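# Descriptive analysis of the structure
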Amino acid sequence: MKRRDFIKATGTVTLAAGVYLTVLKPSPVNAKEEKDWLNGYDWNKHYWGFGIDSTKCIGCGSCVRACKEENDVPKDPYHFRCWVERYAHLKGEEKPKVDSPNGGYNSFPDKYKKEEVLKAFFVPKLCNQCAVPPCVQVCPVGATYQTKDGVVLVDNDYCIGCRYCISACPFGARYMNDEAGCADKCTWCYHRITKGLEPACVLACPVGARIFGDLKDENSEINKFIEEHKIITLKPDLGCEAKVAYVGIDSEVR
Amino acid sequence: MPVDLSLVQGFIYPNEGWLQWSFMLVIYPYITGLVAGAFVVSAFYEVFGNEHFKPVSRLSLLCSLGFLIVCVLPLEFHLTHHLRGFEMFSTPNPSSAMAGFGGVYLWYLFILVLEIWFNFREKIVEGAESKKPSLRRFVLRILTLGSHDVSEKAMKGVHKVTHTLAIIGIPSACFLHGYVGFIFGSIKANHWWASALMPFIFLLSAVVSGVAMMFILYWICCVFIKKEPMRLGTVNAFISLLFGFLIVDLVFEALEVLQIFYAHIEATPAVAALIRNELMGSYVWGQAIIGSGVPFIILLLLVWVLPWSKRHLRQGLMLIASLFVLGSVLLMRWNVVIGGQELSRSLLGTFHFSEVFGTHEGVGVGICLLLLPFILMIIFSLFLDPWEYEKKEVK
């Protein structure tokens, strides 16, 4: 074989392999499998929304505990799908004290007993299911994706465990699921909401501080909540278009 | 790796108590930088015709290849699903900066391998036609790809292609490492990373580290392998090149920090706290004052005060400056990768991370990976022999 022929043959094989792997390789999830996985649920008919009424939250930690139970989240102080933060403005202090001991799992110790607290409030946190999610943008293999009903999920069969998405989340909502070796996050309990149930944290909240519903349903609780309150979302300057609507928090909450 | 929560200053999000990117992600940009830097040294001879870099030109190419092959290994070690790493190349997410690195990497690998093949063409054919059977002859025969034509006419074409590839290689090498800076600089969630200057800083520090490394390798080769004096012209060319790039690099790094503090954005107090609490040793003292200040002063002395000094003094001082530069750039990668994660995205706190030695992502494996390119370079040198050529030319 002449050198020229050899180079030609090698080039052709490389090009063909490249085209197959990058363009023609069939997607492992075909339409039928997708339908089976959703079990009859039509994600085109819903667009989920979440609201937090901080004025109602008492920092009991029920949501955190329910979430960890429901989603098998490790019960150590490093892994959380949802957590609660406490903001306390103390007399004589310029900036608020912020804490979240064990994510609020065991509620909050009354550590400001001896201080004069001017103002304090709890901020329940969870994944904001951003409309423009940086985690989806940065995932090198497309393992994390946005569903048509507005939730960001992780495909454990695809995730390579690079943790780029964890670093890219401005809200610190992602963590590494060590058992699966994949990035993990709050899904607004997608396995429940696709069956018509509420997320575990919403169900567990004793004061109704967490509001969940379908934004496509005009009469849903979430639509009423958004209509009746002045709401803010977290870190709007980053352009992620976070979707969790907050009521009753100061602008310093990030 | 979990961090000691008792060392948290202020408030961090609960999930941030687990450091995601450790030492492997520190040496990944470090190694990639050395790839680009080594290639730039080679290009000064191959493209710009600076004869002073001829003694190290071919070695730089082999060195660049050694580092390029190894540069993906830290990423591979870092993944939790090691076998899925190839998916980044085969089914990349087009919107991901990290997936884009796969394409940039493969392109540069292609250019570099071609460049080396054409550059060493004569050597390959010469070795393949050796009468003594050996493994080297067997490998080189394969590398000839069946063509043994090294006639004057053929070599004229080879030189033309080599020159063209070297020209294409410069932007490719620069883009490779600038792109690594972009991978970090494009993460808007992290205010220590999110900067348009990040790719430039990465690129310039890459060139600086590559020049320093090639000088050290040139010194080792002259003193321990070839046992011949270093060429004064080459030493001076290295001094000028390192000094020039170091100045521009330091200016850009200073501008980035100045921008954060002067603009006084929301993150400024948090970044100030990060530098004060966590990075005082590694950034202020290690990277800036000692790592950059010492070589800058040495190079300034060599260029300004002691231009008349003798070769031994010049090469000795340059060697010290190069070692400091290599340490400083490694610290720079540490301060970006680890430092960035020590700053909470809540902008309300910082935490301290202590590196561990033993894990598969620890310092021990990292040191092995940093040594591996040199082993590869030695193996490549045994087959492709960059020295004999150089000796002939020098005589």
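Since the structure is predicted, the reported quantities are computational estimates derived from the model, not experimental observations. (Residues numbered from 1 in each chain as written. Chains lettered and ligands numbered in written order. Predicted model: local features only at pLDDT ≥ 70, side-chain atom pairs only at ≥ 80, totals over all residues. Heavy atoms only, no water.)

### Quick notes on the interface of chain B and chain A
Much of the literature gives interface size as the accessible area that the parts lose upon coming together. The following threshold applies: In what follows, a contact means two residues having at least one pair of non-hydrogen atoms within 4.5 Å. Summed over both partners, the accessible surface that disappears when two parts come together, traced with a 1.4 Å probe, is what is meant by buried area. We define a salt bridge as a side-chain nitrogen of Lys or Arg found within 4 Å of a carboxyl oxygen belonging to Asp or Glu. Here a polar contact is recorded for every N or O atom pair within 3.5 Å, except that within protein the pair must consist of a potential hydrogen donor and a potential acceptor, and residues adjacent in sequence are included only if both atoms are side-chain atoms. Only DSSP runs of H or I covering at least 4 residues are called helices, and only runs of E covering at least 2 are called strands; the numbering of each starts at the N terminus. Residue type decides the class: Asp, Glu, Lys and Arg count as charged, Ala, Val, Leu, Ile, Met, Phe, Trp, Tyr, Cys and Pro as nonpolar, and the leftover types, Gly among them, as polar.
If you look at the interface, chain B gives 46 residues, while chain A gives 56 residues. Summing the contributions of chain B and of chain A, the shared interface buries around 4,200 Å²; its carbon and sulfur component is 55%. Here chain B and chain A share two salt bridges between them. Here B:Glu266 and A:Arg254 are joined by a salt bridge, their closest N and O atoms 2.7 Å apart. The tally of links between chain B and chain A comes to 30 residue pairs in polar contact (both at pLDDT 80 or more). Every element with two or more residues in the side of chain B that touches chain A is listed here: helix H4 (87-90) and helix H5 (97-119) of chain B. Residues belonging to the side of chain B that touches chain A are distributed by class as follows: 24 nonpolar, 15 polar and seven charged.

### Quick look at the side chain of A:Arg210
All names here are of chain A. This is how the line gets drawn: With a 1.4 Å probe rolled over the protein chains alone, any residue whose accessible area is under 20% of its type maximum counts as buried; one over 50% counts as exposed, and the rest are partly exposed. Positive charge is attributed to Lys and Arg, negative charge to Asp and Glu, and no charge count is given to His or to the chain ends.
For Arg 210, the position within the fold is in strand S9 (residues 210-214). Despite its burial, Arg 210 pairs with no opposite charge, the nearest such side chain being Glu 85 at 10 Å. When residues no more than four places from it in sequence are discounted, the contact partners of Arg 210 are Phe 50, Gly 51, Ile 52, Cys 63, Cys 82, Trp 83, Pro 124, Lys 125, Leu 126, Cys 201, Val 202 and Cys 205.

### Topic: the domain arrangement of chain A
In plain terms, the rule: Domain delimitation follows an automatic or database domain assignment.
Here the domain parsing of chain A yields domain 1 (3-30) and domain 2 (41-254). Taking only C-alpha atoms into account, the centre of domain 1 of chain A sits 44 Å from that of domain 2 of chain A.

### Description of helix H10 (residues 232-263) of chain B
To be explicit about the condition: The span you would expect from a helix comes to 1.5 Å times its residue count less one.
A rise of 1.5 Å per residue sets the reference length of H10(B), with its 32 residues, at 46 Å; its end C-alpha atoms lie 46 Å apart and thus fit the reference within 8%. Backbone geometry just after H10(B) places B:His264 at a positive phi near 45°.

### Describing the packing of helix H8 (residues 152-185) of chain B against helix H9 (residues 198-225) of chain B
Residues and elements named next belong to chain B. For clarity, the threshold we go by: Under this scheme, a helix contributes an axis fitted over its contacting stretch, all axes are lines through C-alpha atoms, and angles between N-to-C directions fall in the 0 to 180 degree range. Under this scheme an angle from 65 to 115 degrees is roughly perpendicular, one under 35 degrees roughly parallel, and one over 145 degrees roughly antiparallel; angles in between are oblique. Take the far helix as the reference: if the near one is turned anticlockwise from it by less than a right angle, the crossing is left-handed, and if turned clockwise, right-handed.
Remark: H8 packs on H9, axes separated minimally by 7 Å, with the N-to-C direction vectors making an angle of 135°. The pairing of H8 with H9 is recorded here as oblique in orientation. Relative to H9, the crossing made by H8 is right-handed. Along the contact surface, H8 presents Cys 174, His 177, Gly 178, Val 180, Gly 181, Phe 182, Phe 184 and Gly 185, while H9 presents Met 198, Pro 199, Phe 202, Leu 203 and Ala 206. Residues of the contact of H8 with H9, tallied by class, amount to nine nonpolar, four polar and no charged.

### Describing the pattern of salt bridges
All names here are of chain A. Inspection of the entire model under this criterion finds 14 salt bridges over all chains. Put simply, Glu 85 and Lys 125 hold a salt bridge, and the shortest N to O gap is 3.0 Å. Remark: Lys 125 occurs in strand S4 (residues 117-125) and Glu 85 occurs in strand S2 (residues 83-90); sequence separation between them is 40 residues. Exposure class is identical for Glu 85 and Lys 125. Each is buried. Among the ionic contacts, a cluster of salt bridges with common partners joins Arg 86, Asp 99 and Lys 111.

### Quick look at the nonpolar core
What tends to happen in soluble globular proteins is that the nonpolar side chains get buried as a cluster. Under the convention used in this document: We call a set of buried residues a nonpolar core when its members are Ala, Val, Leu, Ile, Met, Phe, Trp, Tyr or Cys and they connect through side-chain atoms within 4.5 Å of each other.
Counting residues in each nonpolar core, the largest one holds 147 residues, and the members touching the most others are B:Trp192, B:Met214 and B:Phe238. Among the elements that take part in this core, helix H1 (residues 23-46) of chain B stands out by supplying 18 residues, more than any other. Within the second largest apolar cluster, 47 residues are counted, among which are A:Val98, A:Phe122, A:Val151 and A:Cys169.

### Some remarks on the sheet that holds strand S1 (residues 48-53) of chain A
Within a sheet, each strand pairs with its neighbour through backbone hydrogen bonds, oriented either parallel or antiparallel. All names here are of chain A. Note the following rule: Criterion used throughout: strands pair if DSSP finds at least two bridges between them.
With mixed pairing, three strands are arranged side by side in an open sheet as S9-S1-S10. Every other strand in the sheet has two partners, leaving S9 and strand S10 (244-247) as the edge strands with one partner each. Averaged over all pairs of adjacent strands, the angle between their axes in this sheet comes to 20°, without regard to strand direction. Packed onto the sheet, helix H8 (residues 221-228) meets S1, S9 and S10 and runs at close to 115° relative to S9.

### What to know about H9(B)
In a regular helix each residue adds 1.5 Å, so 28 residues correspond to 40 Å; H9(B) covers 38 Å between its end C-alpha atoms and thus fits that length. With its phi angle positive at about 50°, B:Lys227 sits one or two positions after the end of H9(B).

### So, the pairing of S10(A)
One face of the sheet, then the other: side chains in a regular strand alternate in exactly this way. All names here are of chain A. Covered by surrounding structure in S10 are Val 244 and Tyr 246 together with Ala 245 and Val 247, the residues of both alternating faces. By the bridge criterion, four bridges tie S1 to S10 in an arrangement that is parallel. Along S10, the bridge assignment pairs Phe 50 with Val 244.

### Some words on the packing of aromatic side chains
Under the convention used in this document: Pairing of aromatic rings covers Phe, Tyr and Trp, the last counted by its six-membered ring, and requires centre-to-centre distances within 6.5 Å; plane angles under 30 degrees mean stacked, over 60 mean edge-to-face, and any other angle means tilted. Only lysine NZ and arginine CZ atoms are considered, and such an atom sits over a ring when it is within 6 Å of the ring centre and within 35 degrees of the ring normal.
Enumeration according to the criterion identifies 35 aromatic pairs over all chains in this entry. Summarising the aromatic geometry, the rings of A:Phe108 and A:Phe122 are spaced 5.0 Å apart at their centres and angled 50° between planes, so their arrangement reads as tilted. Note that A:Phe108 is positioned in the loop between strand S3 (97-99) and S4 and A:Phe122 in strand S4, a separation of 14 residues in sequence. Neither A:Phe108 nor A:Phe122 differs from the other in exposure class; each is buried. A ring pair is formed by A:Trp188 and A:Phe212, whose centres lie 6.0 Å apart and whose planes are at 85°; its orientation type is edge-to-face. With A:Trp188 in the loop between strand S8 (182-185) and helix H6 (190-193) and A:Phe212 in strand S9, this residue pair connects regions lying 24 residues apart in the sequence. Each member of the pair, A:Trp188 together with A:Phe212, is buried. Linked through ring pairs, B:Phe44, B:Phe48, B:Phe53, B:Phe215, B:Tyr218 and B:Phe238 together constitute an aromatic cluster. Cation over ring: B:Arg333 sits above B:Phe202, and NZ or CZ is 5.0 Å from the ring centre.

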